[in-house]
Amino acid sequence: MTNRAQNTQAAVPGEGAIPFFPLPAKRDLAHLPGPRRHLERLERDLRTGVNCVWYFPDTMVDSGRAEFFLRELMSRLEESLSVPGAIMPTEHRSRATDTGANPLPAQRSGSVLLENSSSPADLSDPWHEEEDGFFDADDPYGALLGSAGTPPPTGPSITREAGLPVPLADRLAKELGVESAPLNELLRRARRSRGTSDTDNPEDSDDGSADTPPPTVVVRGWEEQSAEEMGSLLRAAHATFRESGLSAEHRPRFLFAARIRDLPNTVLGAGLGHNPVTTHWWWRVWTRLDSEVLLAWRSDSPAGADQALPDRVADAVVAEVCGPDVDRTLLLRGLWKGGDVESLRRALAVTLPAQAADGRQKRPHRMSTAHAASPSAEVLDAWADGSIDSWDGRVRPVLAHRLLDTTSGELSVLVCHAQNRVLLPLLEEARTTLIDLVPSLLRKGISLDYFCQQAQSDHRVKNKLPAASLAELEIGDLARAARLLVLTTEQRERLKDLKRARNLLSHLQPLSQGHLNSVTQALTTDWVGDN
């Protein structure tokens, strides 16, 4: 049985079979706050003339998502030049087939197939979607990403007549339409963009393109075969462009998108001068806000007043549990409509892919790791293979298999964190509202000072601390002196519900579905209306 079939037939007790839940188009990803902010930083650096290296974890490259975000960034740049990678030119593909060479390297996992194909898709790739016209059939990279089932390459995939790989500089020159010296050609285009010309070249004259920005050269490290070749080109470009006399914002610039194993930072070159290259890492990109926005975009029809608050809590729980695994957010929310921790655990087990045999998910020893601009050495390997990410100020495993352990309390703690985020502000609102009403609810003959004295906590009384003022009384204090207020039986029960919820959440004990329902009722009913 395939993974897709397992997920389709599986059911969570009390929840039923997995319902259909529409998945977002890939373009939605670029509009989420985290990726949008990340892309804007890259765009800003490139526009100021900075050469950039953009590092992705392996999983993002394998899924094609790195290519998607690279294309999104290129679409924002007026003058970008994409260098073809080590893929077989069209005219040589038939010859490569005869010799056993693989014309196209795999860019996606072989298990990710179209929904309408004979082979099933996998819930572990929830962003997978049918062809939507995004990929151009004439574009070699579009064709590359469309080859979902292409096996991994077995050898060099671009050859010259002698069977050797075509150097990166030669491929850049060909894209620029010159025989050699591609860096000089880039400088020539940069000067033309400023409306200036090279006096040594009579053909380099202003042709009306003075308003165009300098070119940005894009190289995909995962399609290259030599890290040193990329580093050499970057170092040569840095030296050549600095000697050109052009200011930084008017120079050509390079963008290398790569995995850390494609382009180790040791080959970038030290001592080249001031800021030869800036590195950007797909680290700390996804945020809680991304999950919340995604859930808001894809929410069901608007709920009534009695369901709106439980839905908000369920959304917060799913966002907290999934963390940086935005792929799981909509799948889990579509299956889990709320309930206790165990029902959530069962639903999560259904949505997760098979667990890898060797997953590095160790917690870092330094708390500062999650807040750094790049993954530190102790977590670099785990980040590179897609096991961990920085999310909401914490280093979190991307996939939540650890939460399936029934002997661990981590899932309960995460649920409590989410419930706290939604309910604590509302509990505080209920407290202040009731405090405002206390003077008008006092029984006959009861003074406000006496009420405050009777409401003091055992801790204050035992330690002979000064009595708290009315404004300082907590929900529990108000419940303790509720006998001195004119309240209906229903109002007293609601006050007890609020006190119980506040105590449980304060001690990191998640509310059960029954407690959540009673608290919802208490928080959405007016005290004044009852009188």
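Refer to the structure presented above.
Rules used throughout
- For every chain, the first residue of the written sequence is number 1, and numbering continues from 1 onward in sequence order.
- Where local features are concerned, this predicted model is filtered to residues with pLDDT of at least 70; where side-chain atom pairs are given and counted, the filter is 80 or more; whole-chain, interface and lining totals use all residues.
- Here the side-chain values reflect all heavy atoms present in the structure, with hydrogen atoms and water set aside.
- A helix here means a DSSP run of H or I that spans at least four residues, while a strand means a run of E at least two residues long, and both kinds are numbered starting from the N terminus.
- Buried, partly exposed and exposed residues are distinguished by accessible area as a fraction of the type maximum, computed with a 1.4 Å probe on protein chains only: under 20%, between the cut-offs, and over 50%, respectively.
- Should any heavy atoms of two residues lie within 4.5 Å, those residues are considered in contact.
- Values of accessible area rely on a 1.4 Å probe in the Shrake-Rupley scheme; residue burial ignores everything except the protein chains shown.
- We treat two strands as partners when DSSP finds at least two bridges between them.
- Structural elements are reduced to axes, namely lines fitted to C-alpha atoms, with helices fitted over the stretch in contact, and the angle between N-to-C directions of any two is expressed from 0 to 180 degrees.
- Only the six-membered ring of Trp is used, alongside the rings of Phe and Tyr, when aromatic pairs are assigned; centres must lie within 6.5 Å, and planes under 30 degrees apart are stacked while those over 60 apart are edge-to-face, with the rest tilted.
- Take the far helix as your reference; a near helix turned counterclockwise from it by less than a right angle gives a left-handed crossing, and one turned clockwise gives a right-handed crossing.
- Under the scheme applied here, ten amino acids are nonpolar (Ala, Val, Leu, Ile, Met, Phe, Trp, Tyr, Cys and Pro), four are charged (Asp, Glu, Lys and Arg), and all others, including Gly, are polar.

(A) Quick look at the overall build of the protein. Scanning the protein from N- to C-terminus turns up 22 helices and nine strands. Taken across its 531 residues, the protein has 47% of its residues classed as buried. Here the contacts in the protein between residues at least 6 apart in sequence split such that 74% fall between residues at least 24 apart. If you sum the accessible surface of the protein, you get close to 25600 Å²; carbon and sulfur atoms cover 50% of it.

(B) The arrangement of the sheet that holds strand β6 (residues 253–258) in detail. Strand order in this open sheet of five strands is β4-β5-β6-β3-β7, and the pairing throughout is parallel. Each end of this open sheet is capped by a strand with a single partner; those strands are β4 (80–82) and β7 (278–281). This sheet shows a mean twist of 20° between the axes of neighbouring strands, independent of strand direction. When strand β5 (residues 216–220) meets β6, the two strands line up parallel, connected through five bridges. By the bridge assignment for β6, V219 is matched with F256.

(C) Structural context of the packing of aromatic side chains. Applying the stated criterion to the full structure yields ten aromatic pairs. Where F56 meets W222, the ring centres are 6.1 Å apart and the plane angle is 75°; that geometry is what we call edge-to-face. Linking F56 in the loop between β3 (52–55) and α4 (58–63) with W222 in the loop between β5 and α10 (227–242), this pair joins segments that are 166 residues apart in sequence. Per residue, the accessibility class of F56 equals that of W222, and both read buried. Between F254 and F256 the ring centres are 5.9 Å apart and the planes differ by 15°, which places this aromatic pair in the stacked class. Pair check on accessibility: F254 and F256 agree, each one buried. These aromatic residues form a ring-pair network of at least three members: W54, F56, F68, F69, W222, W282 and W286.

(D) Structural context of the environment of R402. Tracing the backbone through its elements, the reader meets R402 in the loop between β9 (394–397) and α16 (410–441). As for R402 and Q355, which are separated by 47 residues in sequence, their C-alpha atoms are 9.9 Å apart. Dropping the residues within four chain positions of it, R402 is found in contact with R396, P397, E410 and L414.

(E) Just the packing of helix α8 (residues 168–176) against helix α9 (residues 182–193), in detail. In the contact formed by α8 and α9, the axes pass within 9 Å of each other and the chain directions differ by 40°. Crossing handedness for the pair α8 and α9: left-handed. On α9, the residues touching A169, L172, A173 and L176 of α8 are P182, E185, L186 and R189. Broken down by class, the residue content of the contact of α8 with α9 amounts to six nonpolar, no polar and two charged.

None of the figures reported here should be taken as evidence of function without further support.
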